Amino acid sequence: MKYIFTITASALLLWSCSNDPEISQEKNLSTANNAAVQTKVIGSKVMIQAFYWDVPAGGIWWNTIKGKVPSWNSAGFDAIWLPPASKAQNGGYSMGYDPFDYFDFGSYNQMGSVETRFGSLAEINSLITTAHNNNLSVIADIVLNHNSGGASQANPYTGSNTWTDFQPASGLFIRSYNDFHPNNLHASDAGSFGGFPDLCHDKTYVQDWLYNNSNSVAKYYKNTMKFDGWRFDYVKGFEPWVVKNFKNAAPGFAVGEYWDANAATLEWWANSAEVSAFDFACYYKMRDALQNNDLTQLNGDMLLKRNAYRAVTFVANHDTDEIYNNKILAYAYILTHEGYPCVFYRDYEEWLDKNKLNNLIWIHNNKASGSTTYLYADNDEYVARRNGTPGLIVYINNSNSWQERWVDTNWASTTIKDYTGASTWEPVTQADTWVKVQAPPHGYTVWSVK
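Note that this is a predicted model, so its numbers are computed, not measured.

Points about the overall build of the protein chain
- Each helix and strand counted, the protein chain has 12 helices and 20 strands in total.
- Radius of gyration (C-alpha) of the protein chain: 23 Å, near the 22 Å computed for a compact globule of 450 residues.
- Dimensions along the principal axes, computed over C-alpha positions, put the protein chain at roughly 75 × 40 × 40 Å.
- Within the protein chain, counting contacts between residues at least 6 apart in sequence, those at least 24 apart form 65% of the total.
- Roughly 16400 Å² of accessible area belongs to the protein chain as shown, and the carbon and sulfur atoms make up 49% of that amount.

Set out below in structure tokens:
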């Protein structure tokens, strides 16, 4: 079924980008490693997730990433998201999502290793310094829901032994059964994960060590390690105020992993936590659109359409990679639409055409601005317009042949061109702003003023 529609996404959000408190704070951030180097505003360009599940072990990853930083800056990224960087239960084999010592970044011999899977304290410090010197901000992955690696101890709240005796070598944030669920306050919170000891965020002691104390996790990451922002893991496991308090104690860009396909739920969480959220609603709409050959799915409800300044869009990550059919079309979508796009490491460095991704990143950073008007959708074709200056027309074609379509632009009597290079057309828009554009099979074009 085919139909034409024109819906203008609301530009009258509750706050503008320049007035958003989360983003405004970032405008004043300078790197503590080098006061003369100003990091870009996180969220204004493109983020790269600088890891995937089970990256090579052996302590080489920080140096691997450091070697790519200059080219990532040149490509137009403004931030890199690192995996959980502190010592976890599986030591040199762990991806970091089973945290043990929040203050050990590869300098204490515990959990079977000195270094983490990714490297040493000196190496991560060098990576962060290099990123800042290359005008890239660094986002830390923070796991606050659960811990792992504690010793067994008698637990009066369970009547049995639990793995809740945490004696980290750093000597900081020592924990016992009192700091987990169940305890004398309540049996549980919003959720637990994988049977790991579940931190109780209602405990003053836990709050103090996570963000209130001068040497808390939040302030140590910010002031000592020099991280610029936060990615919060599994935020379904605790209440939104935990993220809000953490980010307020150590200001910086922040995004939560609230894994839910419902855009309204994502909006509720982001507003409650006062941070951004990964736009899983957008992710699943793109997956369904490309897997089912039904681009009308892209008309669906997404966080980026409800509040673009809170939406971090993505095509794949270390947990989920379900968009197999014409994945580059999904990147063409998020890199031309509203929201803050995140590019997955393996897509950029290994699996997809880096030249095409670099071209889309350039288009995002130079052409994709303003509100969105959705112009057309059917099973095979999707067309949308960004209304900024200069703005753009994106035409996605998932059919087996070239397609052409008349579209309404914001430009009267103006020569335009396809900035992807797929089409050699350079049409002139009519006085009434309409023009015919084209797109290649299983491809896309992006049109703007020549």
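Regarding the pattern of salt bridges
- Under the criterion given, the structure shown has 19 salt bridges.
- Across the salt bridge formed by Glu274 and Lys244, the nearest N and O atoms sit 3.3 Å from each other. With a gap of 30 residues between them, Glu274 in the loop between helix 7 (263–273) and strand 11 (276–278) and Lys244 in helix 6 (residues 240–249) connect regions that are remote in the sequence.
- The class for Glu274 is partly exposed, based on a relative accessible area of 32%.
- Residue Lys244 is classed as partly exposed on the basis of its relative accessible area, which comes to 27%.
- Each member of the salt-bridge network shares a partner with another, and the members are Asp141, Arg231, Asp233 and Glu257.

Structural notes on the packing of aromatic side chains
- In the structure shown here, the tally under the stated rule is 37 aromatic pairs.
- Ring centres of Phe253 and Tyr340 lie 5.5 Å apart, and the angle between their planes is 85°; on these two criteria the pair is classed as edge-to-face. Here Phe253, found in strand 10 (residues 253–256), pairs with Tyr340, found in strand 13 (residues 340–344); they are 87 residues apart in sequence, far enough to count as distant.
- Overall, the relative accessible area of 4% leaves Tyr340 in the buried class.
- A ring pair is formed by Tyr283 and Tyr284, whose centres lie 5.0 Å apart and whose planes are at 75°; its orientation type is edge-to-face.
- Over the aromatic face of Phe173 sits the side chain of Arg175, whose NZ or CZ is 4.5 Å from the ring centroid.
- The residue whose ring lies beneath Arg405 is Tyr376, and the NZ or CZ to ring-centre distance is 3.9 Å.

Notes on the sheet that holds strand 6 (residues 137–142)
- Strand order in this closed barrel of 8 strands is 2-3-6-9-10-11-12-13, and the pairing throughout is parallel. Going across the sheet, the axis of each strand differs from the next one's by a mean of 25°, ignoring polarity.
- Relative to strand 9 (residues 229–232), strand 6 runs parallel, the two sharing 4 bridges. Bridge pairing in strand 9 places Asp141 opposite Arg231.
- Across the sheet, helix 7 lies against strand 10 and strand 11, angled at about 145° from strand 11, the strand it touches most.

Concerning the pairing of strand 10
- The alternating pattern of strand 10 places Phe253 and Val255 and Ala254 and Gly256 on opposite faces, both of which are buried.
- When strand 9 meets strand 10, the two strands line up parallel, connected through 4 bridges. Paired with Gly229 across the bridge in strand 10 is Phe253.
- Relative to strand 11, strand 10 is paired through 2 bridges, and the arrangement is parallel. Each bridged residue has a counterpart across the sheet, and for Val255 the counterpart in strand 11 is Ser276.

Things to note about the nonpolar core
- Counting residues in hydrophobic clusters, the biggest one holds 119 residues, and the most contacted among them are Trp72, Phe77, Ile80, Phe227, Trp230, Tyr331 and Tyr333.
- Setting aside residues up to four positions removed in sequence, Ile80 forms contacts with Ile48, Ala50, Ile65, Val69, Trp72, Leu127, Ala131, Leu136, Ser137, Val138 and Ile139.
- Counting 12 residues, the second largest nonpolar core, distinct from the first, contains Leu375, Tyr376, Val383 and Ile393.

Regarding unusual backbone geometry
- Along the chain, His181 connects to Pro182 via a cis peptide bond; the corresponding omega equals -5°.
- With respect to the element layout, Pro182 can be found in the loop between strand 8 (160–165) and helix 4 (204–212).
- A cis amide bond, omega 5°, links Thr389 with the succeeding residue Pro390.
- Note on placement: Pro390 falls in the loop between strand 15 (381–386) and strand 16 (392–397).
- Positive phi, normally seen in glycine, also occurs at Phe173, with a value near 60°.

Re the confidence of the model for the protein chain
- Averaged over all residues, the pLDDT of the protein chain is 92; the fraction at 70 or higher stands at 91%.
- Segment residues 1–40: pLDDT under 50, and 95 contacts once partners within four positions in sequence are set aside and those in other chains are kept.

A short note on the packing of helix 10 (residues 327–334) against helix 12 (residues 354–366)
- Here helix 10 crosses helix 12 at 15°, and the two axes come no closer than 9 Å. Relative to helix 12, helix 10 is oriented roughly parallel. With respect to the hand of their crossing, helix 10 and helix 12 are arranged in right-handed fashion. Taking contact as the criterion, the partners of Ile328, Tyr331 and Ala332 in helix 10 are, on helix 12, Lys356, Leu357 and Leu360.
- Classifying every residue of the contact of helix 10 with helix 12 gives 5 nonpolar, no polar and 1 charged.

Points about the layout of surface pockets
- The computed volume of the second largest pocket comes to approximately 280 Å³.
- In terms of lining residues, the second largest pocket is bounded by 17 residues, among which Trp53, Tyr97, Phe193, Asp233 and Asp319 are the most central.
- Grouping the amino acids of the lining of the second largest pocket by side-chain chemistry returns 7 nonpolar, 5 polar and 5 charged.

Details of the side chain of Thr313
- Position of Thr313 among the secondary structure elements: in strand 12 (residues 311–314).
- Setting aside anything within four residues of it in sequence, one finds Thr313 in contact with Asp279, Cys282, Leu304, Ile334, Glu338, Tyr340, Pro341 and Cys342.

Procedures and definitions
Residues numbered from 1 in each chain as written. Predicted model: local features only at pLDDT ≥ 70, side-chain atom pairs only at ≥ 80, totals over all residues. Heavy atoms only, no water. Helix = DSSP H or I, 4+ residues; strand = E, 2+ residues; numbered from the N terminus. Rg over C-alpha atoms; globule rule 2.2 N^0.38 Å. Contact = heavy atoms within 4.5 Å. Areas by Shrake-Rupley, 256 points an atom, 1.4 Å probe, with all protein chains shown as cover. Salt bridge = Lys/Arg side-chain N within 4 Å of Asp/Glu carboxyl O. Buried < 20%, exposed > 50% of the residue type's maximum accessible area, 1.4 Å probe, protein only. Phe/Tyr/Trp six-rings, centres within 6.5 Å; stacked < 30°, edge-to-face > 60°. Lys NZ or Arg CZ within 6 Å of the ring centre and 35° of its normal. Pairing = 2+ DSSP bridges. Axes fitted to C-alpha atoms, helices over the stretch in contact; angles between N-to-C directions. Core = buried A, V, L, I, M, F, W, Y, C linked by side-chain atoms within 4.5 Å. pLDDT = per-residue confidence, 0-100. Parallel < 35°, antiparallel > 145°, perpendicular 65-115°, else oblique. Left-handed = near helix turned anticlockwise from the far one by under 90°. Nonpolar A, V, L, I, M, F, W, Y, C, P; charged D, E, K, R; others polar. 1 Å grid on protein atoms, 1.4 Å probe; cavity = no way out; pocket = protein on both sides within 12 Å on 5 of 7 lines; lining within 4 Å. Points joined across faces, edges and corners; volume = space filled by probe spheres on them.

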